[in-house]
Amino acid sequence: MTAALTLYDNYTRTQRRFEPLSPAGPVRLYTCGPTVYDYQHIGNFRTFLFEDVLKRVLRWNGYTVMHVMNITDVGHLTSDADTGEDKMEKGARRTGKTAWEIAQLYTDDFVENLARLNIEDADILCRATDHIAEQIAFIADIERNGFAYVTSDGVYFDTAKQPDYGHLARLDIRGLEAGKRIEQGEKRSPTDFALWKFSPPGERRQMEWDSPWGRGFPGWHIECSAMAQKYLGDYFDIHCGGEDHIPVHHTNEIAQTEARVGTRLANFWMHGYFLLLDDAKMAKSAGEFLRVQSLIDRGYDPLVYRYLCLTAHYRTQMSFSWEAMDAAVTALDRMRRGVHALEEAAQVPPDAAYIERFTDQVNDDLNVPRALAVAWEVLRGEAPSAVKRATLLRFDEVLGLGLADWSPRQDAVPPEVQALADARAAARGAKQWAEADRLRAELAATGWEVEDQSGGYRLKRR
Ligand code: AMP
Ligand code: ZN
């Protein structure tokens with residue numbers, strides 16, 4: 001018998017059986033979306049890939065999914081301690097555009113890159129700035145229930161009023177209090193956080209609204225509590241984000257919702273662990289970062305990155321390297337060619353034993369690396385060709401590698417492109433750098449990219 005779906009819940013710190021809260025309805029899933037003051041880096045997309053696989057595994061188990069993702073386009077300050085500048089206003093200054101313009105620009109780029117990685121869209125993609133009224137109403141309820149206080153710069157959540165504040169992160173509140181390492185300002189406790197911030201006196205922000213407490217903007221965490229409540233209800237099935245959300249953002253979302261309605265917001269709390277670059281966390285604020293476009297610029301198909309992410313379990317950190325990308329190029333290429341060479345026959349069912357083994361793996365807290373190993377076994381195994389194909393295409397409903405659509409023609413280099421590349425190689429050989437650059441630009445215009453390698457070059461689609 002196939003194993004039932006079990007998922008690791010960070011709130012209880014256990015891997016436990018997943019059962020939807022409403023057996024008849026869809027599984028209700030909320031995932032924290034991007035802060036759109038800059039491009040998303042491939043680390044961010046590792047988390048979105050994990051969430052995509054989660055959705056696909058839920059569907060593999062016969063559930064329908066109602067997925068809500070937010071776009072943070074206001075209120076996320078440069079410091080998690082409620083000090084510093086709004087990332088949006090800072091991004092606007094950096095680019096010379098308005099905060100509203102950069103929100104649109106980076107949201108569009110985000111959505112485009114989801115598609116490049118075969119990440120399915122959320123059912124509802126909602127912006128914080130479109131839900132200011134809901135956030136104000138939420139804060140008003142929190143205040144009415146006695147969990148808020150007002151200082152000279154905003155409305156704050158009083159975490160001392162909640163005995164189990166910080167449970168998700170197992171926060172050591174007393175340790176924090178004793179150390180007082182965190183800059184506290186007028187906050188009563190270092191863990192208190194902003195629900196609403198006032199616009200600085202005498203200053204007009206690009207994004208600001210009237211509220212019962214004064215003109216200003218919402219704190220970062222309230223948007224998720226308010227939008228999750230609006231679209232998914234007070235208590236829903238699964239809430240996800242990256243591991244950095246455990247100690248602050250998700251901890252505070254839980255606090256807000258508990259203060260308002262007394263429930264703990266979501267049944268399962270799942271977190272994608274970080275992508276590391278040179279053993280350090282990849283972060284936008286740290287300056288240099290890699291985008292999906294950076295991969296394409298270096299000649300990689302974005303689905304190679306998807307494949308690479310599938311080879312590591314979502315609850316382990318993963319180090320990024322170009323060597324690992326190159327190994328994924330080879331593996332994905334082999335898998336695509338392998339599947340393409342299989343016989344296509346209608347009405348041939350997948351191999352039931354392999355489907356069961358694959359299910360056992362994905363149902364074991366999304367053990368996709370092991371599930372991928374099962375796919376390789378099928379490809380290399382002895383089953384009839386058409387059965388292998390039917391089985392692998394079923395697996396691809398979870399893996400999302402687009403195996404059915406791929407054909408070697410996608411990689412075939414047209415003769416005129418080949419001629420341009422050869423001419424460029426000759427120009428380089430003769431040290432005619434300007435001519436070589438001109439030919440590279442001409443190649444780019446045909447949609448191809450040349451990558452120099454020791455002893456030759458490689459052509460790739462842009
Ligand atoms: P942000 O745009 O900063 O709000 O982040 C978007 C998502 O990416 C959140 O779920 C973060 O937790 C996640 N995230 C941020 N950095 C990384 C990283 N290096 N690796 C994986 N996920 C990340
Ligand atoms: Zn959130």
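Residues numbered from 1 in each chain as written. Chains lettered and ligands numbered in written order. Predicted model: local features only at pLDDT ≥ 70, side-chain atom pairs only at ≥ 80, totals over all residues. Heavy atoms only, no water.

### Details of the packing of helix H9 (residues 302-310) against helix H10 (residues 322-340)
Angle between the axes and distance between the axes: these two values describe a pair of packed helices. Between H9 and H10, the least distance of the axes is 9 Å, while the angle of their chain directions is 100 degrees. When the axes of H9 and H10 are compared, the pair comes out roughly perpendicular. Residues Leu 303, Val 304, Tyr 305, Tyr 307 and Leu 308 of H9 form the contact with H10, whose participating residues are Ala 324, Met 325, Ala 328, Val 329, Ala 331, Leu 332, Met 335 and Arg 336. Along the lines of polarity and charge, the residues of the contact of H9 with H10 split into 12 nonpolar, no polar and 1 charged. (Axes fitted to C-alpha atoms, helices over the stretch in contact; angles between N-to-C directions. Helix = DSSP H or I, 4+ residues; strand = E, 2+ residues; numbered from the N terminus. Parallel < 35°, antiparallel > 145°, perpendicular 65-115°, else oblique. Contact = heavy atoms within 4.5 Å. Nonpolar A, V, L, I, M, F, W, Y, C, P; charged D, E, K, R; others polar.)

### Topic: unusual backbone geometry
Even without being a glycine, Leu 265 presents a positive backbone phi close to 75 degrees. Unusually for a residue other than glycine, Gln 347 sits at a positive phi of about 70 degrees. Note on placement: Gln 347 falls in the loop between H10 and helix H11 (352-362). Under the relative-accessibility criterion, Gln 347 is labelled exposed at 78%. (Buried < 20%, exposed > 50% of the residue type's maximum accessible area, 1.4 Å probe, protein only.)

### Overview of the coordination of the zinc ion (ligand 2)
Distances from the zinc ion (ligand 2) to its protein donors, Cys 32 (SG), Cys 224 (SG), His 249 (NE2) and Glu 253 (OE), fall at 2.0 to 2.5 Å. Geometry at the zinc ion (ligand 2) is irregular, judged from its 4 donor atoms and the angles of 77 to 132 degrees they form at the metal. For the zinc ion (ligand 2), the donor residues sit on a single chain with the sequence spacing C-x191-C-x24-H-x3-E. Placement of Cys 224 in helix H6 (residues 222-232) and of His 249 in helix H7 (residues 246-261) is noted, with a sequence separation of 25 residues between them. His 249 matches Cys 224 in its accessibility class, with the two residues each being buried. (Donors = N, O, S within 2.8 Å, 3.2 Å for Na, K, Ca; no water. Tetrahedral: all angles 85-135°; square planar, octahedral: opposite > 155°, others 65-115°.)

### What to know about the packing of aromatic side chains
Describing an aromatic ring pair means giving the distance of the ring centres and the angle of the ring planes. A full pass over the atoms with the stated rule returns 18 aromatic pairs. Judged by centre distance (5.9 Å) and plane angle (65 degrees), the ring pair of Phe 45 and Phe 48 falls under edge-to-face. Linking Phe 45 with Phe 48, this pair stays in helix H1 (residues 42-60), spanning 3 residues, or about one helical turn. Judged by its relative accessible area of 5%, Phe 48 is buried. Through a chain of ring-to-ring contacts, the aromatic side chains of Tyr 300, Tyr 305, Phe 320 and Trp 322 assemble into a single cluster. Directly above the aromatic system of Tyr 39 lies the positively charged group of Arg 291, at a separation of 3.5 Å from the ring centroid. (Phe/Tyr/Trp six-rings, centres within 6.5 Å; stacked < 30°, edge-to-face > 60°. Lys NZ or Arg CZ within 6 Å of the ring centre and 35° of its normal.)

### Description of the environment of Thr 72
Topologically, Thr 72 is positioned in the loop between strand E4 (65-71) and helix H2 (87-95). With 65 residues separating them in the primary sequence, Thr 72 and Leu 7 have C-alpha atoms 27 Å apart. Those residues within four positions of Thr 72 in sequence are excluded, and the remaining contacts are Pro 34, Thr 35, Val 36, Met 88, Trp 220 and Glu 223. A distance of 3.1 Å separates polar atoms of two side chains, one belonging to Thr 72 and the other to Asn 70. (Polar contact = N/O pair within 3.5 Å; in protein donor to acceptor, adjacent residues only side chain to side chain.)

### Re the pattern of salt bridges
One side chain can pair with another of opposite charge once the charged atoms of both are near each other. In this structure the tally under the stated criterion is 28 salt bridges. Its salt-bridge partner being Arg 144, residue Asp 141 comes within 2.6 Å of it at the nearest N-O pair. Of the two residues, Asp 141 and Arg 144 both sit in helix H4 (residues 132-144), 3 residues apart, roughly one turn of that helix. On the basis of relative accessibility, which here comes to 62%, the residue Arg 144 falls in the exposed class. Across the pair Asp 158 and Lys 161 runs a salt bridge, and its minimum N-O distance is 3.3 Å. Through salt bridges with shared partners, a single network forms among Asp 52, Arg 56, Arg 59, Glu 120 and Arg 306. (Salt bridge = Lys/Arg side-chain N within 4 Å of Asp/Glu carboxyl O.)

### Here we look at the sheet that holds strand E6 (residues 148-150)
Within a sheet, neighbouring strands are paired by backbone hydrogen bonds and run either parallel or antiparallel to one another. Reading across the sheet, the 4 strands line up as E6-E7-E8-E9 and stay open at both edges, with antiparallel pairing between neighbours. The open sheet terminates on both sides in strands that have one partner only, identified here as E6 and strand E9 (216-218). Taken pair by pair, the neighbouring strands of this sheet meet at an average axis angle of 20 degrees, ignoring direction. Looking at chain direction, strand E7 (residues 154-157) and strand E8 (residues 193-198) are connected through 4 bridges and run antiparallel. The residue bridging Phe 157 from the neighbouring strand is Phe 193, located in E8. With respect to the sheet, H4 is in contact with E6, E7, E8 and E9, its orientation differing from that of E8 by roughly 120 degrees. (Pairing = 2+ DSSP bridges.)

### A closer look at H9
Counting buried positions over the 9 residues of H9 gives 9, a clear majority of the element. Among all positions of H9, only Pro 302, Leu 303, Val 304, Tyr 305, Arg 306, Tyr 307, Leu 308, Cys 309 and Leu 310 are buried. Where H9 starts, the residue carrying a side-chain oxygen 2.9 Å from the main-chain nitrogen of Leu 303 turns out to be Asp 301.

### Thoughts on the domain arrangement of the chain
Split by domain assignment, the chain resolves into domain 1 (6-276) and domain 2 (413-461). Spacing between the C-alpha centres of domain 1 and domain 2 amounts to 47 Å. (Domains from an automatic or database assignment.)

### What about the state of the cysteines?
Under the counting rule described, the total for this entry stands at 0 disulfides. As a non-bridged cysteine, Cys 126 has Cys 224 as the owner of its nearest cysteine sulfur, 8.2 Å distant. Overall, Cys 126 belongs to the buried group, its relative accessible area being 3%. (Disulfide = S-S within 2.5 Å.)

### Observations regarding the sheet that holds strand E11 (residues 266-272)
Spatially, the 5 strands line up as an open sheet ordered E5-E4-E3-E10-E11, and their pairing is parallel. Where the open sheet ends on each side, the last strands, each with one partner, are strand E5 (124-127) and E11. Each strand axis lies, on average, 20 degrees off the axis of its neighbour in the sheet, ignoring direction. Relative to E5, E4 runs parallel, the two being bridged by 4 bridges. In the sheet register, Asn 70 faces E5, and the bridge partner there is Cys 126. Each of strand E3 (27-31), E4, strand E10 (236-242) and E11 touches H1; the most contacted strand, E10, lies at about 155 degrees to it.

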